[in-house]
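Tertiary structure, described
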Amino acid sequence: MSPRRTLFIAGNWKMYKTVAEAERYVQALLPKVSSADGVEIGICAPFLALQALVDSTRRSRVEVLAQTMHEALEGAFTGEISPAMLAEVGVHGVVLGHSERRQLFGETDRALQLKVPAALDAGLIPILCVGESDEERERGDTERKLRHQVQEGLEKVPVERLPEVVLAYEPIWAIGTGLTATTEQAQEAVAFVRALVEEIDKSAGQVVRILYGGSLKPENADELLALPDVDGALVGGASLDPESFARIVEIARGLVAAAP
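The rules behind the values
Residues numbered from 1 in each chain as written. Predicted model: local features only at pLDDT ≥ 70, side-chain atom pairs only at ≥ 80, totals over all residues. Heavy atoms only, no water. Helix = DSSP H or I, 4+ residues; strand = E, 2+ residues; numbered from the N terminus. Rg over C-alpha atoms; globule rule 2.2 N^0.38 Å. Areas by Shrake-Rupley, 256 points an atom, 1.4 Å probe, with all protein chains shown as cover. Lys, Arg positive; Asp, Glu negative; His and termini not counted. Charge placed at Lys NZ, Arg CZ, Asp CG, Glu CD. Buried < 20%, exposed > 50% of the residue type's maximum accessible area, 1.4 Å probe, protein only. Core = buried A, V, L, I, M, F, W, Y, C linked by side-chain atoms within 4.5 Å. Arc of directions from axis to C-beta. Contact = heavy atoms within 4.5 Å. Salt bridge = Lys/Arg side-chain N within 4 Å of Asp/Glu carboxyl O. Pairing = 2+ DSSP bridges. Polar contact = N/O pair within 3.5 Å; in protein donor to acceptor, adjacent residues only side chain to side chain.

A look at the overall build of the chain
- When helices and strands are tallied, the chain shows 11 helices and eight strands.
- The C-alpha radius of gyration computed for the chain amounts to 17 Å, which stays within 12% of the reference 18 Å derived for 260 residues, consistent with globular compactness.
- C-alpha extents for the chain along the principal axes are approximately 50 × 45 × 35 Å.
- When the accessible surface of the chain is totalled, it reaches about 11300 Å², and 52% of it is carbon and sulfur.
- One way to put it: in the chain the 26 positive side-chain charges average out to a point 2 Å from where the 39 negative ones average out.

What about unusual backbone geometry?
- Even without glycine at this site, K14 takes up a positive phi of about 55°.
- With respect to the helices and strands, the residue K14 is situated in the loop between β1 (7–12) and α1 (19–33).
- Taking relative accessible area as the criterion, K14 reaches 19% and is therefore assigned buried.
- One non-glycine residue, K17, adopts positive backbone phi at about 85°.
- One can find K17 in the loop between β1 and α1.

So, the nonpolar core
- Of all hydrophobic cores here, the largest spans 71 residues; its most connected members are I9, I43, L53 and Y212.
- Broken down by element, this core gets its largest block of residues, seven residues, from helix α8 (residues 183–200).
- Among the nonpolar cores identified, the runner-up in size contains 11 residues, and C44, L65, C129 and A168 belong to it.

As for helix α10 (residues 218–225)
- Along α10, the residues that are buried comprise P218, N220, A221, L224 and L225. Angular distribution of buried residues about the axis of α10 spans 155°; they occupy a single face of the element.
- Summarising the contacts, the buried residues of α10 are in contact with β1, α8, β7 (209–212), β8 (232–235) and α11 (242–258).

Side note on the pattern of salt bridges
- Per the stated rule, a full pass over the model turns up 20 salt bridges.
- Note that K115 is salt-bridged to E107, the shortest N-O span being 2.5 Å. We note that K115, like E107, is buried.
- Across the pair D141 and R139 runs a salt bridge, and its minimum N-O distance is 3.0 Å.

Some points on the pairing of strand β5 (residues 125–130)
- By the criterion of burial, β5 is predominantly enclosed, with five of the six residues buried.
- Sheet analysis places strand β4 (residues 93–96) next to β5, joined by four bridges and oriented parallel. Looking at the pairing, G93 lines up with I125 of β5.
- Note: β5 against strand β6 (residues 166–169), four bridges, orientation parallel.

Considering the side chain of E132
- Take E132: it is sitting in the loop between β5 and α6 (134–138).
- A polar contact of 2.7 Å, which involves the side chain of E132, links it to the side chain of R137.

Focus on the side chain of E152
- One can find E152 in helix α7 (residues 142–154).
- A polar side-chain atom of E152 sits 3.2 Å from a polar atom in the side chain of Q113.
- Residues within four places of E152 in sequence aside, it is in contact with D109, R110 and Q113.

Thoughts on the pairing of strand β3 (residues 62–66)
- Among the five residues of β3, five are classified as buried, and the element is accordingly described as predominantly covered.
- Residues V62, V64 and A66 of β3 are buried on one face, and the alternating residues E63 and L65, pointing to the opposite face, are buried as well.
- Alignment of strand β2 (residues 39–44) against β3, held across four bridges, turns out to be parallel. In the sheet register, G42 faces β3, and the bridge partner there is E63.
- Two strands pair when backbone bridges link them, and β3 and β4 are joined in this way by two bridges, in the parallel orientation. Bridge pairing in β4 places A66 opposite V94.

Laid out in structure tokens, this is it:
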């Protein structure tokens, strides 16, 4: 972690939790994270729970994010949600390009090229997810895949707005599998993603936040969050339990407090 970049711990609930379950979760979580100074906290929830969560977390340190969106402000896109709709209910940001969206629902780099600046224009923090499959890593294609995803996803973002984008490196082979990248693998990949942003703009690359995601849990959070180029985490399964998620936030707070 860098003392210049605020650690961001975001929990991605995926397709879990009804509105009632989400509200019970937040009531359990808020007291546990109320003193997490220096750490930005986010919950990425299903669409139907967003309004309730925004209301329940008002005046707290917890931010609410959506898990996807369409790039258009409106239109004949049955089943989709626009950035303006998210902004209207008070959502803080949106996850874009998660591997499950790419693999299961056909989200393309070309679509993300439009979605990232659309999120920024709506006042939303975009979390752009990138990462390689196990086959791509085995072939030695990790850097090629990351280069393509980062360059495509950021191509239409104005240079002065690059620092507002959050990137999340999620090795696909470590999502929901129980496998976790080693600290060496995580640092190498995240540093490479930072270098790609620096190729676009040096100063932006130094301040842009890059999260690690992929079976991060309280047991391994300390070593992963302490890596020099890792600025937080996009937490999957471990975020579904408020106690587990709060422990990860507390680990992040401890690292911030111990930083020189």
